[in-house]
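# Structural description and commentary
So you can see what is in the structure, the chains are spelled out below.
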Amino acid sequence: LSFSSTPPASASSIHQKTPLRTATVALTREVGKNAKLLKTLQSHPRYSQSNPRLVEIPCIKHAPGPDSHKLVDAITNNEAYDYIVVTSPEAASVFLSALKDSGA
């Protein structure tokens, strides 16, 4: 976890730095999935010193893709893989659901 007071290179020249204590931090995960992040932020020493406002602004929604059946087909057809990479809790749920649906 890091805090930066430097605006990104693409920020306009009229951007004014906002002290962290008056900043608003947006948590953008799906509704109901920010609790762990919120707890981590609130327990960080810099947070307790500055106490920025935290708001949930859901920007992500997970939904089955149009080719989700391909995963079940791959499991059912016993295709060989050296690795299966799971990159998030949502991906793990998709994989486990496909595994269940495949009967494997």
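Residues numbered from 1 in each chain as written. Predicted model: local features only at pLDDT ≥ 70, side-chain atom pairs only at ≥ 80, totals over all residues. Heavy atoms only, no water.

## Points about the confidence of the model for the protein
- Per-residue confidence for the protein gives a mean pLDDT of 78; residues scoring 70 or more make up 79%.
- Per-element averaging of pLDDT across the protein places helix α2 (residues 45–50) at the bottom with 76 and helix α4 (residues 89–102) at the top with 88. (pLDDT = per-residue confidence, 0-100. Helix = DSSP H or I, 4+ residues; strand = E, 2+ residues; numbered from the N terminus.)

## Some remarks on the packing of helix α3 (residues 69–76) against α4
- The interhelical angle for the contact between α3 and α4, taken along N-to-C directions, is 55 degrees, at an axis separation of 9 Å. Of the possible angle classes, the one that applies to α3 and α4 is oblique. α4 is crossed by α3, and the crossing has right-handed handedness. Contacts between α3 and α4 involve Leu71, Val72, Ile75 and Thr76 from the former and Val94, Phe95, Ala98, Leu99, Asp101 and Ser102 from the latter.
- Among the residues forming the contact of α3 with α4, the class breakdown is seven nonpolar, two polar and one charged. (Axes fitted to C-alpha atoms, helices over the stretch in contact; angles between N-to-C directions. Parallel < 35°, antiparallel > 145°, perpendicular 65-115°, else oblique. Left-handed = near helix turned anticlockwise from the far one by under 90°. Contact = heavy atoms within 4.5 Å. Nonpolar A, V, L, I, M, F, W, Y, C, P; charged D, E, K, R; others polar.)

## Quick word on the environment of asparagine 51
- Within the secondary structure, asparagine 51 sits in the loop between α2 and β2 (53–56).
- Considering only alpha carbons, one finds asparagine 51 and threonine 24, 27 residues apart in sequence, at a separation of 9.6 Å.

## Brief notes about α4
- A rise of 1.5 Å per residue sets the reference length of α4, with its 14 residues, at 20 Å; its end C-alpha atoms lie 20 Å apart and thus fit the reference within 8%.
- Every buried residue belonging to α4 is among Glu90, Phe95, Ala98 and Ser102, and all of these are buried. What you see down the axis of α4 is that its buried residues fit within an arc of 135 degrees, all on one side. Exposed and oriented more than 90 degrees from the buried face of α4 are Pro89, Leu96 and Lys100.
- Those residues of α4 that are buried lie in contact with α3.
- Positive backbone phi, at 80 degrees, marks glycine 103, one or two positions downstream of α4. (Expected span 1.5 Å × (residues − 1). Buried < 20%, exposed > 50% of the residue type's maximum accessible area, 1.4 Å probe, protein only. Arc of directions from axis to C-beta.)

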